[in-house]
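If you want the building blocks of each chain, they are given just below.
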Amino acid sequence: MPLIPLPLVIIAGGKSSRMGSDKALLPFGGFKTLTEFQLHRLKPYFPRLHVSAKNSEKFAFEASFIDDNPNFTDHSPLVALLSILEQLQTPVCVLSVDTPFVTPEIFETLYENFEEGDDAIVAASPCASHQLCAIYAPSIAKTMRAQLAKNEHKIRSVFSQSRTKFITFESDEPFFNLNHPDEYQKAQELL
Ligand SMILES: Nc1nc2c(ncn2[C@@H]2O[C@H](COP(=O)(O)OP(=O)(O)OP(=O)(O)O)[C@@H](O)[C@H]2O)c(=O)[nH]1
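Conventions used here
- Residues numbered from 1 in each chain as written.
- Predicted model: local features only at pLDDT ≥ 70, side-chain atom pairs only at ≥ 80, totals over all residues.
- Heavy atoms only, no water.
- Helix = DSSP H or I, 4+ residues; strand = E, 2+ residues; numbered from the N terminus.
- Rg over C-alpha atoms; globule rule 2.2 N^0.38 Å.
- Buried < 20%, exposed > 50% of the residue type's maximum accessible area, 1.4 Å probe, protein only.
- Contact = heavy atoms within 4.5 Å.
- Areas by Shrake-Rupley, 256 points an atom, 1.4 Å probe, with all protein chains shown as cover.
- Lys, Arg positive; Asp, Glu negative; His and termini not counted.
- Charge placed at Lys NZ, Arg CZ, Asp CG, Glu CD.
- Pairing = 2+ DSSP bridges.
- Axes fitted to C-alpha atoms, helices over the stretch in contact; angles between N-to-C directions.

Asks: Can you help me understand the overall build of the protein in this one?
Replies: Counting its regular elements, the protein contains six helices and seven strands. Computed over the C-alpha atoms, the radius of gyration of the protein is 16 Å, within 12% of the 16 Å expected from 2.2 N^0.38 for a compact globule of 191 residues. Overall size of the protein, expressed as C-alpha extent along the three principal axes, is 40 × 35 × 30 Å. Evaluated residue by residue, the protein yields a buried proportion of 50% over its 191 residues. In the protein, 68% of the contacts between residues at least 6 apart in sequence involve partners at least 24 apart. Here the protein has roughly 9400 Å² of accessible surface; of this, 50% comes from carbon and sulfur atoms. With 17 positive and 23 negative side-chain charges, the protein shows a separation of 5 Å between the mean positions of the two kinds.

Asks: Help me out: how do you make sense of the environment of Leu-34 in this one?
Replies: By the element assignment, Leu-34 lies in helix α1 (residues 34-42). Judged by relative accessible area, Leu-34 falls into the buried class, the value being 1%. Between the alpha carbons of Leu-34 and Phe-101 there is a distance of 12 Å; along the sequence they are 67 residues apart. Apart from the residues lying within four places of it in its own chain, the contact partners of Leu-34 are Lys-23, Ala-24, Leu-26, Phe-28, Val-97, Asp-98, Pro-100 and Leu-178.

Asks: What exactly am I supposed to notice about the sheet that holds strand β6 (residues 128-136) here?
Replies: Where strands meet in a sheet, backbone hydrogen bonds hold them as pairs that are either parallel or antiparallel. Here we have seven strands laid out as an open sheet, ordered β3-β2-β1-β4-β6-β5-β7, and mixed in their pairing. The sheet is open, and its two edges are formed by β3 (65-67) and β7 (164-168), each paired on a single side. Neighbouring strand axes in the sheet, compared pairwise and without regard to direction, differ in orientation by 30° on average. Across five bridges, strand β5 (residues 120-125) lies against β7 in parallel orientation. Directly across from Ala-120, in β7, lies its bridge partner Thr-164. The sheet strands contacting α1 are β1 (8-11), β2 (49-53) and β4 (92-96), and the helix crosses β2 at an angle near 160°.

Next up, the structure:
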């Protein structure tokens, strides 16, 4: 059983504009919310789990929440990542709440590739890279802060200015994510 000695943060504070209702709160896999599904299935593999949100008051369950830094009023994964690193100040595994098929083995492989001096280790697959299935070190926060100070939310620019490695996995399937209602439907069928 893989055991990854870093905290895992489930990132769940987006607008869900394409889904039409908050993805993090959708029922999934027998759980009241997709967020609780993710916490439950990944809990055995990490020493601590947290949930990142713009405002955690939206959740009706208990967990260790990391609210976004209130100085950033915009929504973006970059805002979430910087807020997480500022609060935890340790290397962290992160996972987008809307990817219910990412396995612990994927994080184990990312961790095996994480070396002294790395700023980020990001999963990739044939069709895409997955910036929210990754390990980030606090050393990348400075570059993120500078980027957000320019009101620039593209994580790719942060990658190009830091020591970021991409680890490519064979299949796109574990990275299937739920952006639209038909993808939510398909994910329920795939379970
Ligand atoms: N904490 C936090 N999470 C965010 C923020 N913006 C996006 N996320 C999360 O980042 C992940 C990827 O977000 P997207 O799917 O690109 O955006 P989204 O806002 O959820 O959905 P769309 O509005 O349809 O683009 C999701 O798990 C979101 O919950 C933010 O400002 N704060």
